[in-house]
Amino acid sequence: MAAHDVFKIYEGKEQRTDVVALRGVNVELHAGEFVSIIGPSGSGKTTLISVLGGLIRPTAGTIFIRGTTITTLPTSQLVQFRREHLGFVFQISNLVPMLTLQENVMLPMKVAGKKDPKKRTLELLSAVGLTERRKHKPSQLSGGELQRAAIACALANDPEILLGDEITGELDTTTSQEVMDYLKDLNQEQGLAMLVVTHNEQIASQANRILRIKDGSVLTQRLREDTSAEELYEISVKGRITIPEELRRQVGLERLVQFRISSEGDHLKLYPSSVKSPPIVAEEPIKPVEKTCPACSQTVPQQVIYCIHCGHKFN
Ligand code: ADP
Ligand code: MG
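What you see is a predicted model; the values in this text were computed from it and never measured.

Participant: Teacher, can you tell me more about the nonpolar core here?
Facilitator: Core analysis: the largest hydrophobic core is formed by 62 residues, its most contacted members being Leu 52, Ala 152 and Leu 195. Sort the elements by how many residues they give to this core and helix α5 (residues 143–155) lands first, with eight residues. If we skip the residues at most four places from it in the chain, Leu 195 touches Leu 29, Val 35, Ile 37, Ile 49, Leu 52, Ile 161 and Leu 163.

Participant: How should the site of ligand 1 be read in this particular structure?
Facilitator: Every residue near ligand 1 is listed here: Tyr 10, Val 19, Ala 21, Gly 39, Ser 41, Gly 42, Ser 43, Gly 44, Lys 45, Thr 46 and Thr 47. Among the secondary structure elements, those contributing two or more residues to the shell around ligand 1 are β2 (19–28) and α1 (45–52). Of all the elements, α1 adds the most residues to the shell around ligand 1, at three residues. Of the residues belonging to the shell around ligand 1, the class tally is three nonpolar, seven polar and one charged.

Participant: Help me understand the packing of helix α3 (residues 101–111) against α5, please; the structure alone is not making it clear to me.
Facilitator: For any two helices packed against each other, the geometry comes down to the angle between their axes and how far apart the axes lie. Their axes nearest at 7 Å, the elements α3 and α5 cross at an angle of 30°. Judged on the interaxial angle alone, α5 and α3 are roughly parallel. For the element pair α3 and α5, the recorded crossing hand is right-handed. Contacts between α3 and α5 involve Leu 101, Asn 104, Val 105 and Pro 108 from the former and Ala 149, Ala 152 and Cys 153 from the latter. Of the residues assigned to the contact of α3 with α5, the class counts are six nonpolar, one polar and no charged.

About the cut-offs
- Residues numbered from 1 in each chain as written.
- Chains lettered and ligands numbered in written order.
- Predicted model: local features only at pLDDT ≥ 70, side-chain atom pairs only at ≥ 80, totals over all residues.
- Core = buried A, V, L, I, M, F, W, Y, C linked by C-beta atoms within 7 Å.
- Buried ≥ 20, exposed ≤ 12 C-beta atoms within 10 Å, placed from the backbone.
- Helix = DSSP H or I, 4+ residues; strand = E, 2+ residues; numbered from the N terminus.
- Contact = placed C-beta atoms within 7 Å.
- Near = placed C-beta within 6 Å.
- Nonpolar A, V, L, I, M, F, W, Y, C, P; charged D, E, K, R; others polar.
- Axes fitted to C-alpha atoms, helices over the stretch in contact; angles between N-to-C directions.
- Parallel < 35°, antiparallel > 145°, perpendicular 65-115°, else oblique.
- Left-handed = near helix turned anticlockwise from the far one by under 90°.

By themselves, these are just geometric observations and shouldn't be taken as functional.
Here it is as structure tokens:
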């Protein structure tokens, strides 16, 4: 999944009451990856996950999922696309109160016209440890059970991507870790890609990568690789780039500097406009901005690690 320059403006009665919930967000989620999104309340997390999952339309920007541009899909096709490829788990359980757990899990499969939904339902209920509870109604379940039931529903149609919003928000620490462990197993064993919103650092830190969001913009992306964490430096929507402190000290730059960028052959030169110093030359030659995936032959942005069309991992 890749989202480019996504904006969402909730329109108020007058222009001055408009709420800009997302201001040019760029996000990538690769096949088999587990990414968490963390940020304070009101920062746009729910809006982001809803827009990425095609539940609400962005005001501007493009979202690709497995090679399909969902932002231009007509609604009927979008609904079908969501049903086939995406699973949603939200904090507020979307279980139907009148139905038993088993009936709830079976519902999305019936809607999608799946064959033998009963068998799959029992498998899912067993996987989330709710076989004994299958005849119960949602009101008879605990918070952790409800959340696991919601996960079973989300997985009913074998999505490739699971989108979660504060899924452990209402749970105690032990239960929320149980739910997370179950999801992490699915991620690692079945390659389910997961994008999970939280405001809990402990939950967020279990992901491969953490996106920090504030006031509708993604601030930093932290790459977690086993124990060592390294930060990715990228140009933000406002045209800002964070330069590692070490490099800044080396070339004597202030905290905030403006650059003039000039492209010279195979590299870029940055001319700091507020400091009298020679241009900073990127040591690595700048590669072309796009590359071709060897597995599916489609063109993808140079910086991606996994192909956005087929999930192939680049070296
Ligand atoms: P978070 O999930 O991080 O708490 P939200 O995405 O729910 O943030 O909200 C981001 C901003 O958008 C907030 O200022 C919120 O008040 C506003 N907002 C969210 N949904 C709507 C809506 N349907 N109409 C108008 N404003 C909204
Ligand atoms: Mg929210």
